[in-house]
Amino acid sequence: MTTTTAPTTPAAPVGRRRRHGRPEPIAYLFLVPALLVFTAFVVVPALVGIFYSFTDYVGFGNWSFLGLRNYTALLGDPGIREAYGFTLGFAVVTVVVAQVIALVLAIGLSKRIRFAAGLRAIFVIPMVVSGIVVAYVFNYLFSNTLPAFATAVGLDPLSQSILGNPDLAWLAIVVVSAWQTIPGALLVYTAGLTSIPHDLYEASSLDGAGPWRQFRSITLPLIAGFVLINTILGIKGYLGVYDIIVGLTGGGPGNATSSVAMTIFGGFTGGDYAYQMANATVFFVITVLISVLQLVVSRGRNIRL
Amino acid sequence: MRSKTMAGPPRTVSRRSFLAGAAGVLAAVPLAGCATPGGGGGRTQITFYEQKQEVIAYFDELLRQFEREQPHIRVVHDSTTAIAPQFVRSEPGDVGCFNDNLELARYISRGQMSDLSQLPSAATVRTDISDLTDQYATYAGRTSVLPYSLAAAGVIYNKAIFAEHDLPVPTTWTEFVDVCTALQKAGVTPIYATDRDTWTLWQGLFDYSVGSLVDPGEFFGRMKELGTDVGPDSDVSFAKTLAVPMERAKTISSFFNPDHAVRGYADGNLAFGQGKAAMYLQGPWALSQIAMVDEDLEVGTFALPVSDDPDERQARVNIDLCLYIPVDTAHREEAVELVEFLMRPEILNAYNADNLAYSTLTDGPAQQDERLAGLQQYVDSAAFYQGAGTFVPTSIPLGNYLQEAIRSGNFEAMLDQLDADWRRLASREATV
C-alpha cells in the first residue's frame, strides 16, 4: 500500500530524501529475501504460465506454438463466458453485502456498548475457520436444517434446499462468502473508526448534527480509505472464489455456480493446461484492470489510503 | 474428501489434496536423495507409485514381501494423490499402478510409458480386457500398461426389500420399470440418487443407460475420428446416438428419491445402508461403505437392463488398476522384476479376491463375494463395456449437465450441448 500512496503526496519523499541524503545501502539488502521469494514463487511461475498459454502444452512432454488459438477458443466457449459472468456478478454483490454489514457491525461495536470486547471476539471467529470447513457446515445447514425449519413453519419456497436450485444457489454462496469475510473487513473498519478524533463528533453535535449527518459528513469521509482497501481486497478475494463453492455446490446445479478459478483448476487435471493458462492470463489482466480502475476512481475523489 | 475409488473417482482432485500431496513429495525428496547413494548398502532403490486409498496398506505388505525375495532392491511406496505432478516433474516413479482412465491415457498416447509386450506376464492377461485399455489411447507398437484389476458395477439392490414386495430381479427394461413402479406404489423409494456428487450421476445413471445399448468404445472411437464434423448430419453424435439411452435415463430419474438434488455420495451410502431405498446405481466401492452402516444388510448386484432382450445386458467395468513402467525410469531391470512379481497369478488373483474385483488373467478365479455374484457371468463372457462417461474429457462438465437435465427433464438440450462441446474440444485437439 505504501508504494501506491507515494504519488498522492509528491513533495514529501523528495524533500525527506534531500534532508537525510541517500538511504543506507543496507536498506536494499532487507528487500532481497522478499524479492527473491516473490520472484521465485510468483513472478517466474506466472511468466512460465503465460508463455505456455500460447502453446498446446499439457504439462509434460513436447509442445508446439499455437499463437493466439487458445485465446480465440476461449472467446467462443460458453462455459467460460458463464463462469466469468457468474464470478464478476458474485464478486460485486458479495462485496457490497459484506462491506455494508461489516461497517454497521463496526459502528455498533465502536459505541460504548456492554460486552463489546466479547462480541468482537465472537464476530471474528469465522475468520479463523478454514473455508472448506465453513462450506461443508453450511452445506449441511442449507441441505437439511433450513428445509426442515421451512417445512415446520410452512415456508414452502424454502422447503427444498436452495443449493439444488440453479436460480438461488448463488445466494447461498454469497451468504457464506460474506459470513466468512465480514470479520476481516470488520477489523479494518474498527481500526478506521478508532482513528477518528472524538472531538469532531462532540463539535458537530454542538452544531446540531444528528447521527445520520455525523455518519455522512464525518465518519464516512474519514474512513473512505478503509472502505477502498476493503473493497479492493474484497473484490480480489471474491474473484478467486473456489473452496466455498467446492464445499457448497461443486459448481452446480448445472454450471450455475462455476467460478473462473474452478474452470482454471479443472484444466490441471483435465489435460487442458495451456488452454486454462490462457484463461488464467485473461483473468489476471481483468483482475489488474479492476484494481487499477478502483485506484484511479478513488484518487480522482481524493481518497487517501 | 470423497474416497477415490475403483471406477468412479471424482473428476477433480481437490486443490488441497493436491497441495498436501505435493508438499509430501517435496518433503520426501531430500530423504530419497540421501538414501540412493549410501544407506542401502548396495541395494537399488526404486519407487512404486500407487495411490488408491483403500489398498495402500495392502500394497505396502506386498512390497515388503518383494523386498524379502529380492534383497538387492528397496522399494519406496509413493502414494501421492495426483498423478500429474509426477510426470510434470519428469519423476513418474519406476513402476506405476493407477486407474486406467482418460487421465492415464494422455500419458500413454504421448509415449510416456515403455513397452511391456516382451514381459512374460504380458501374455497371461486376458486379451478381451487388455483391449479395453486401447479404447482410451494407444501408442503405436507398444503394450503400455498391463491390466491388474477389473472392477464391475451394476445396480446394487436390497434383497430384503425385493423379497418383502415379492419382486423379481428385472431382466428386461419393461420388468425394470414395473419393479420401480411397484416399489413406488408401495411407498418405497425405488432408486437412491446423489446428484450433489456429480461423478455419481455419470458413472451410474449415464453409463448404465448407455452401455448396454451403445458400445461406448466404438461410439467414442468414431466421435474422435469425426472431431469437428460431429453434428446433425454426421453418422454418430451425442444427440443422435444417445437419444434412446437418455430417454431411459430420464425415466430412471423419475424414480429417484425426492431430495436427490441435494444428496451426496456419503448420504447415499448411509441411506441405502439404512434400507431407505431399494436400489442404488453404484459400483463395488460403495459396498464396503454400505457394510459400515449395516454389516448384515443383504445386498446383491445386477446389470441394469435397458432393452427388452435379456441377452443384451452388459456390466459396466473399468480397469481399476493397471501397471506401467515409465520410459524415464533409470532402473528398468528392477522395475521389471517388481512388475513380474506383482503379476504372479497367486498375488494378482489374491489381490482381486480380497478387494471386490476380478482377476485380469486368463483362467482367473471367480469373485467369491455374494454381493457381486450377479455380475460374474458378464465378466466371464466379456459382456462388458467401459462407462461412456469415462470417455468424456473432464473439460466437459458432464456431471453438471446431468444435474441440470435431471432437474429440467430436458436431456435433448444436454445432448446438443455435448455435441457443441465436443466440436469445440476437437477444434483444439483436446478430446483425449
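Residues numbered from 1 in each chain as written. Chains lettered and ligands numbered in written order. Predicted model: local features only at pLDDT ≥ 70, side-chain atom pairs only at ≥ 80, totals over all residues.

Draft legend 1. Spatial organisation of the environment of B:Ala303. Mapped onto the elements, B:Ala303 comes out in the loop between β8 (299-302) and β9 (315-324). Sequence separation between B:Ala303 and B:Tyr208 is 95 residues; the distance between their C-alpha atoms is 8.1 Å. (Helix = DSSP H or I, 4+ residues; strand = E, 2+ residues; numbered from the N terminus.)

Draft legend 2. Molecular detail of the pairing of strand β7 (residues 277-280) of chain B. All names here are of chain B. Across two bridges, strand β5 (residues 155-158) lies against β7 in antiparallel orientation. In the sheet register, Ile156 faces β7, and the bridge partner there is Tyr280. The pairing of strand β6 (residues 189-192) with β7 spans three bridges and is parallel. Paired with Tyr192 across the strands is Tyr280, a residue of β7. (Pairing = 2+ DSSP bridges.)

Draft legend 3. Quick look at the UniProt feature "transmembrane region" (unreviewed entry) in chain A. All names here are of chain A. Per the UniProt record, the feature "transmembrane region" (unreviewed entry) sits at residues 26-54, 83-109, 121-142, 168-189, 218-239 and 273-297. The distance from the first to the last C-alpha atom of residues 26-54 is 41 Å, and the span holds 93% helix and 0% strand. Overall, residues 83-109 shows 100% helix and 0% strand. The separation of its end C-alpha atoms is 37 Å. (UniProt positions renumbered as here; feature names shortened; annotations may be inferred.)

Draft legend 4. Local environment of the sheet that holds β7(B). All names here are of chain B. Reading across from one edge, β6-β7-β5-β8 is the order of the four strands in this open sheet, with mixed pairing throughout. Across the chains shown, the open sheet's two edge strands, defined by having one partner strand only, are β6 and β8. Going from strand to strand, the sheet's axes swing by 30 degrees on average, the running direction of each strand aside. Relative to β8, β5 is paired through four bridges, and the arrangement is antiparallel. Among the inter-strand pairings, Val155 is bridged to a residue of β8, identified as Phe302. Sheet contacts for helix α12 (residues 265-273): β6 and β7; angle to β7, the most-contacted strand, approximately 135 degrees. (Axes fitted to C-alpha atoms, helices over the stretch in contact; angles between N-to-C directions. Contact = placed C-beta atoms within 7 Å.)

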